[in-house]
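# Fold and geometry: a report
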Amino acid sequence: EDQVTQSPEALRLQEGESSSLNCSYTVSGLRGLFWYRQDPGKGPEFLFTLYSAGEEKEKERLKATLTKKESFLHITAPKPEDSATYLCAVQARNQGGSEKLVFGKGTKLTVNP
Amino acid sequence: DAGVTQSPTHLIKTRGQHVTLRCSPISGHKSVSWYQQVLGQGPQFIFQYYEKEERGRGNFPDRFSARQFPNYSSELNVNALLLGDSALYLCASSLAVEQFFGPGTRLTVL
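Notes on the structure follow. What you see as residue numbers is a count from 1 along each chain, following the sequence as written. Chain letters start at A and ligand numbers start at 1, both assigned in the order the entries are written. At least 70 in pLDDT is required for a residue's local features to be given in this predicted model, at least 80 for side-chain atom pairs to be given and counted, and no such filter applies to totals for whole chains, interfaces and linings, which use all residues. Remark: hydrogens and water are excluded; side-chain values derive from all non-hydrogen atoms of the structure.

## A look at the overall build of chain A
Numbering goes from the N terminus for both helices and strands, where a helix is a DSSP run of H or I of at least four residues and a strand is a run of E of at least two. Along its length, chain A carries 0 helices and 11 strands. Its helices and strands in sequence order give chain A the pattern β-β-β-β-β-β-β-β-β-β-β, from N to C terminus. We compute the radius of gyration over the C-alpha atoms and compare it with the globule rule, which gives 2.2 Å times the number of residues raised to the power 0.38. Here chain A has a C-alpha radius of gyration of 14 Å; the compact-globule value for 113 residues is 13 Å, and the two agree. Over its C-alpha atoms, taken along the principal directions, chain A stretches across nearly 45 × 30 × 20 Å.

## Considerations on the pairing of strand S11 (residues 107-112) of chain A
All names here are of chain A. The classification of residues rests on relative accessible area computed with a 1.4 Å probe and restricted to protein chains. Under 20% of the type maximum is buried, over 50% is exposed, and intermediate values are partly exposed. Taking every second residue as pointing to the same face, the buried face of S11 carries Thr-107, Leu-109 and Val-111, while none of Lys-108, Thr-110 and Asn-112 on the other face is buried. Where strand S2 (residues 10-14) meets S11, 5 bridges bridge the pair, whose relative direction is parallel. Paired with Leu-13 across the bridge in S11 is Val-111. The pairing of strand S9 (residues 84-92) with S11 spans 3 bridges and is classified as antiparallel. Bridge pairing in S11 places Thr-85 opposite Lys-108. The pairing criterion for strands is at least two bridges between them, as found by DSSP.

## Side note on the pattern of salt bridges
All names here are of chain B. A pairing counts as a salt bridge when a side-chain nitrogen of Lys or Arg comes within 4 Å of a carboxyl oxygen of Asp or Glu. This model, assessed by the stated rule, comprises 10 salt bridges over all chains. In this structure, the salt-bridge partner of Arg-22 is Glu-75, at a minimum N-O distance of 3.5 Å. Of this pair, Arg-22 sits in strand S3 (residues 19-24) while Glu-75 sits in strand S8 (residues 74-78); the two residues are 53 residues apart in sequence, bridging distant segments of the chain. Linking Asp-62 and Arg-57 is a salt bridge whose minimum nitrogen-to-oxygen distance equals 4.0 Å. Owing to a relative accessible area of 41%, Arg-57 belongs among the partly exposed residues under this scheme.

Here it is as C-alpha cells:
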C-alpha cells in the first residue's frame, strides 16, 4: 500500500532561520511526488512536482529535492508569511487510469518575526 | 483565470440528512477528484472522474457517490450523514499530472 510520512509534525523557526521538511514515501512505481502549501481552512496550493530521483525544483525561498525514498523541502531564510502547513503527496503508476494522490499528514510550519 | 470553485463554502447538517457539494473545474480541465480532509490529517481520496466516467474510488462507504456533468463540473453526494463525516471536502481538477485544489466546503454534522 502506498504510504507517505512527513516529519516533523510541527516546526517553529525564527525569521531567517533556514531548515528542511522531510517526506518519506513508499509507492509501487512513482509517477510523481507533489508538494502543496495549505493555509488554515483553505484548499492546498500547488508548489512543485518531482518525477525522478535527483530532480530539484525551486521557487522563491523554497527548494524541493527527491531521492528514491524521500523528498525534502528546504526553506531558506523564511519569513512569517511562509507560515502554513506543507503537504507532501505521491501518485503511483498503474492505477488503472486513476490519478489518486496519497497525502502525508503535513508539517505545520510557524515562522516567528 | 478562475481557479477551481466549490459551493457552498460552509454547511451545517444533522445526522441522517443528505448533502450535495458542487465543484467547477478550471476551464479546460476534464478530470475532477474529490478528497476528504479531517482536522489534523492530510486529504484522503474519495473519487476521480474523467470525461464523466469514474476513474477511481477510495475506501469510502456506498453512502458517498459522485457524478460529472457534460461541462465537467461535478457533484459529491453523501447520504445518511454521520458525525464522522464532518470535514473539509476538497475538489481538485487536472489537465495533466498536477492537481489544483479549490477552497473546499466545510461540512459540519451535528
